[in-house]
Amino acid sequence: MYRQQQLKELLTDRHILIAGYGREGKSTHALLQTLTSPQLVTVASNDQEIYTCLQQAADARRPYDLIIKSPGIPTFKFEGRCNLNTITSQTDLFLQVYGDQTLAVTGTKGKSTTASLLWHILNHTYGKSRKVILAGNIGIPLFDIADQLEPDTLVVAEFSCHQLENIHRSAHIGIILNLYQEHLDHYHNYLDYQMAKMQLMLRQQPGDHCLYCTDSPDLTQRVDQLRPQLSTTLHPFNLDMARQIGLNQVPSHLQGDHNLSNILATRLAAELCGVSPQEFAQALNTFHGLPHRLELVGTYNGITFYNDSISTIPQATIAAVEALKDVDTLILGGFDRGIDYSSLQQYLISPTPAGANIHNIVFVGEAGRRIYNGIKHQSPNTLQNMNAVLLSDNYTQIVDWCFTHTRPGKICLLSPAAASYDSFKNFEERGHTFINLVRSHS
């Protein structure tokens, strides 16, 4: 394994707790078994086991030297139970060793598409001469790729806020796409969530590069406040820049202004790796996007269906409607995490020309009902002037209703602006359910 000794030095002779035993926890455990003594490693798979292990360590006056936390476990659950400085993560350990050959992508929305596109561009350009590996929050634990790395390997990693919050070293090239309210159930407040994302920039070193989008007001404000603490080279970008250099004229299968901005971020990062504009354009035209992200389901009974189940915040839903232009029926809602829906409610009350095409809305789950009540309270006429409105948690009923009320030649869009955990395991299951119901409808 390339740089195995450096990784081993971070772990050897340490009393270690693996907190969480999902995909990443199992990946961490597998690597530790090859690098350190099994007697020094304890695994806790859930909250109660974690609390028990921490209490036993405290009682024995032998606290853990390292707590390798899985992304799904909020840091606040460790408060008052251990020294928070001992908390690390697979991401933190990986970047301490391999950060200089890593390109990282984060943001509230767009990070999976952008990371996948960046990998596609680099692999298309360099894949025959060097390894380019995609990993991270995209579904491939970083430690799973450690034995594939070579000195010239490029790693493209998608990172969530949970993966970034405890890092001590960041990636050589970073992209931060945007900041919106998200995952507030994992943080004390929105600022804590923002600062978790900003570690990507804060933990970079001189000679590193960070691209950030100035179209995101919260991100721009945070960068301006943190600027005196930064060592990295900053590269601001925005939608106007993408248009000025003619990126909107380059053939692409990705729709919408938000994707045009993400394409620019990808191009700038690829240029830092030596990719020419011509090479970028050739590779871009062969990228077809990811499932559940403005995914074309098909046209049935004259109605075109799109699956945008990845949409879990209002801004993503607004961007989807603006990208497609001709949405007649919109499916909103799901699990309510308490995020602010005022921007989406205002969009539906005083829509742009694209939003004005919406004539039918389905409100799903507690989040959907909160959006519905917010619109009803602010502007009762908005709902009264709709062709049809449905409150339902049953996707079979929802799809049947959409076939009945969506006009032929128009679009039915699932873009919930909410998480899926009230009825589904994840957004993928929600999207697959929607697709299967649409395609099996008779």
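1. Let's talk about the sheet that holds strand β8 (residues 173-176)
Through backbone hydrogen bonds, the strands of a sheet pair up, either in parallel or in antiparallel fashion.
Step number 1: Strand order in the open sheet made by the six strands is β6-β7-β5-β8-β9-β10, with parallel pairing throughout. Two strands close off the open sheet at either side, each with one partner strand: β6 (132-136) and β10 (233-237). Averaged over all adjacent pairs, the angle separating strand axes in this sheet is 15 degrees, with direction ignored.
Step number 2: Packing against the sheet, helix α7 (residues 190-202) makes contact with β5 (102-106), β8, β9 (209-213) and β10, and its axis sits at approximately 150 degrees to β8.

2. Focus on the pattern of salt bridges
Step number 1: Counted according to the given criterion, the structure contains 14 salt bridges.
Step number 2: The salt bridge partner of D224 is R227, with a shortest N-O separation of 2.9 Å.
Step number 3: R369 is paired through a salt bridge with D393; the nearest N and O atoms lie 3.0 Å apart. One end of the pair, R369, is in helix α14 (residues 365-378); the other, D393, is in the loop between β15 (388-391) and α16 (395-405), and 24 residues separate them in sequence.
Step number 4: A residue is classified by how much of its surface remains accessible, and R369, at 24% relative accessible area, is partly exposed.
Step number 5: It is possible to trace a salt-bridge network through shared partners that takes in K109, E182 and R337.

3. Describing the packing of helix α10 (residues 257-272) against helix α11 (residues 277-284)
Step number 1: Where α10 contacts α11, the axes come no closer than 10 Å and their chain directions differ by 135 degrees. The pairing of α10 with α11 is recorded here as oblique in orientation. Along this stretch, α10 crosses α11, giving a crossing that reads as right-handed. Residue-level inspection shows I263, T266, R267, A270 and E271 of α10 in contact with α11, the latter providing P277, F280 and L284.
Step number 2: Each residue belonging to the contact of α10 with α11 can be placed in one class, and the counts come to five nonpolar, one polar and two charged.

4. Digging into the packing of α7 against helix α8 (residues 217-226)
Step number 1: At a minimum axis separation of 11 Å, α7 and α8 run at an interaxial angle of 65 degrees. Here α7 and α8 pass one another in a crossing that is right-handed. Together, Y190, L191, Q194, M195, M198, M201 and L202 of α7 and D218, L219, R222, V223 and L226 of α8 make up the contact between the two elements.
Step number 2: A per-class count over the contact of α7 with α8 returns nine nonpolar, one polar and two charged.

Rules used throughout
Residues numbered from 1 in each chain as written. Predicted model: local features only at pLDDT ≥ 70, side-chain atom pairs only at ≥ 80, totals over all residues. Heavy atoms only, no water. Pairing = 2+ DSSP bridges. Helix = DSSP H or I, 4+ residues; strand = E, 2+ residues; numbered from the N terminus. Axes fitted to C-alpha atoms, helices over the stretch in contact; angles between N-to-C directions. Contact = heavy atoms within 4.5 Å. Salt bridge = Lys/Arg side-chain N within 4 Å of Asp/Glu carboxyl O. Buried < 20%, exposed > 50% of the residue type's maximum accessible area, 1.4 Å probe, protein only. Parallel < 35°, antiparallel > 145°, perpendicular 65-115°, else oblique. Left-handed = near helix turned anticlockwise from the far one by under 90°. Nonpolar A, V, L, I, M, F, W, Y, C, P; charged D, E, K, R; others polar.

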